Amino acid sequence: MKILHAAPAEIFGLGLYKSLTLIGIGIGLWLLLRGISGKTLWPVILLLLGIFITIKELMDMMHYTSFMNLVGVGTGIVVVVLAIIGTVLPPLLLAALGAFMAGKEVMDLMHSG
């Protein structure tokens, strides 16, 4: 029986960084569409989203550092704090967060080649 060396968590072998970038684009678009339709998120989902944003932006900073990475880390931390407090984001703010996240991840994808 052949043992898997390290079961890849990557999408189609693209690598972890690009896979997380594609997942980030998908989440950003989902948030944008959810905000446009007038829906919001529960604080628990908002907490997981904030953790994802923070970790992804810290990974981006290890790859390259820009002002947008710093804004992304700050946004992720603010989302985590709001989720811990129990705040529910209004749909317009959720759409803005989704647009920022999708746009930032597209920039990351273009930068990584």
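If you're wondering where the values come from, they're calculated on a predicted model, not measured in any experiment. (Residues numbered from 1 in each chain as written. Predicted model: local features only at pLDDT ≥ 70, side-chain atom pairs only at ≥ 80, totals over all residues. Heavy atoms only, no water.)

### Topic: the overall build of the protein chain
Okay, so step 1: Within the protein chain one finds four helices and zero strands.
Okay, so step 2: When the helices and strands of the protein chain are read in sequence order from the N terminus, they spell out α-α-α-α.
Okay, so step 3: For the protein chain, the residues scored as buried account for 33% of the 113 residues in total.
Okay, so step 4: For the protein chain, the share of sequence-separated contacts (at least 6 apart) that also reach a separation of at least 24 residues comes to 76%.
Okay, so step 5: Of the roughly 6,800 Å² that the protein chain leaves accessible, carbon and sulfur atoms contribute 79%. (Helix = DSSP H or I, 4+ residues; strand = E, 2+ residues; numbered from the N terminus. Buried < 20%, exposed > 50% of the residue type's maximum accessible area, 1.4 Å probe, protein only. Contact = heavy atoms within 4.5 Å. Areas by Shrake-Rupley, 256 points an atom, 1.4 Å probe, with all protein chains shown as cover.)

### What to know about the packing of helix α3 (residues 67-85) against helix α4 (residues 91-112)
Okay, so step 1: Across the interface, α3 lies against α4 with an axial gap of 12 Å and an inter-helix angle of 145°. α3 and α4 meet at a crossing whose hand is left-handed. Between α3 and α4, the contacting residues are Met68, Asn69, Val71, Gly72, Thr75 and Val79 on the first element and Leu97, Phe100, Lys104 and Met107 on the second.
Okay, so step 2: Residues belonging to the contact of α3 with α4 are distributed by class as follows: six nonpolar, three polar and one charged. (Axes fitted to C-alpha atoms, helices over the stretch in contact; angles between N-to-C directions. Left-handed = near helix turned anticlockwise from the far one by under 90°. Nonpolar A, V, L, I, M, F, W, Y, C, P; charged D, E, K, R; others polar.)

### Considering empty space enclosed by the protein
Okay, so step 1: Across all of its chains, the model carries one cavity of 30 Å³ or more by this definition.
Okay, so step 2: Considering only enclosed or pocket space, the largest cavity measures out at about 60 Å³ in volume.
Okay, so step 3: Lining the largest cavity are Phe52, Ile53, Lys56, Glu57, Phe100, Met101, Lys104 and Glu105.
Okay, so step 4: Secondary-structure elements contributing two or more residues to the lining of the largest cavity are α2 (43-63) and α4.
Okay, so step 5: In terms of residue class, the lining of the largest cavity is made up of four nonpolar, no polar and four charged. (1 Å grid on protein atoms, 1.4 Å probe; cavity = no way out; pocket = protein on both sides within 12 Å on 5 of 7 lines; lining within 4 Å. Points joined across faces, edges and corners; volume = space filled by probe spheres on them.)

### Side note on α3
Okay, so step 1: Compared with the 27 Å implied by 1.5 Å per residue over 19 residues, the 27 Å span of α3 between its first and last C-alpha is a close match.
Okay, so step 2: When α3 is considered as a whole, its buried residues turn out to be Asn69, Gly72, Val73, Gly76, Val79, Val80 and Ala83. Across the axial projection of α3, the buried residues extend over an arc of 125°, all falling on one side. Across α3 from its buried face, at more than 90 degrees, point the exposed residues Phe67 and Ile85.
Okay, so step 3: Looking at the buried positions of α3, the neighbouring elements they touch are α2 and α4.
Okay, so step 4: Just past α3, the residue glycine 86 takes up positive phi, approximately 100°. (Expected span 1.5 Å × (residues − 1). Arc of directions from axis to C-beta.)

### So, a nonpolar patch on the surface
Okay, so step 1: Together, Val44, Leu48, Ile51 and Ile55 make up a nonpolar patch on the protein surface, roughly 380 Å² of accessible area in all.
Okay, so step 2: Inspection of the secondary structure assignment puts valine 44 in helix α2.
Okay, so step 3: Here valine 44 falls in the exposed class, since its relative accessible area comes to 57%. (Patch = residues over 30% accessible without salt bridge, like charges linked within 9 Å, V, L, I, M, F, W, Y side chains within 5 Å. Salt bridge = Lys/Arg side-chain N within 4 Å of Asp/Glu carboxyl O.)

### Let's talk about the nonpolar core
Okay, so step 1: Counting residues in hydrophobic clusters, the biggest one holds 13 residues, and the most contacted among them are Leu31, Leu41, Leu46, Leu49, Leu97 and Met101.
Okay, so step 2: If you list the elements that add at least two residues to this core, you get α1 (16-36), α2, α3 and α4.
Okay, so step 3: In terms of residue count, α2 provides more of this core than any other element does, four residues in total.
Okay, so step 4: Apart from the residues within four sequence positions on either side, leucine 97 is in contact with Leu31, Leu49, Ile53, Thr75, Val79 and Leu89. (Core = buried A, V, L, I, M, F, W, Y, C linked by side-chain atoms within 4.5 Å.)

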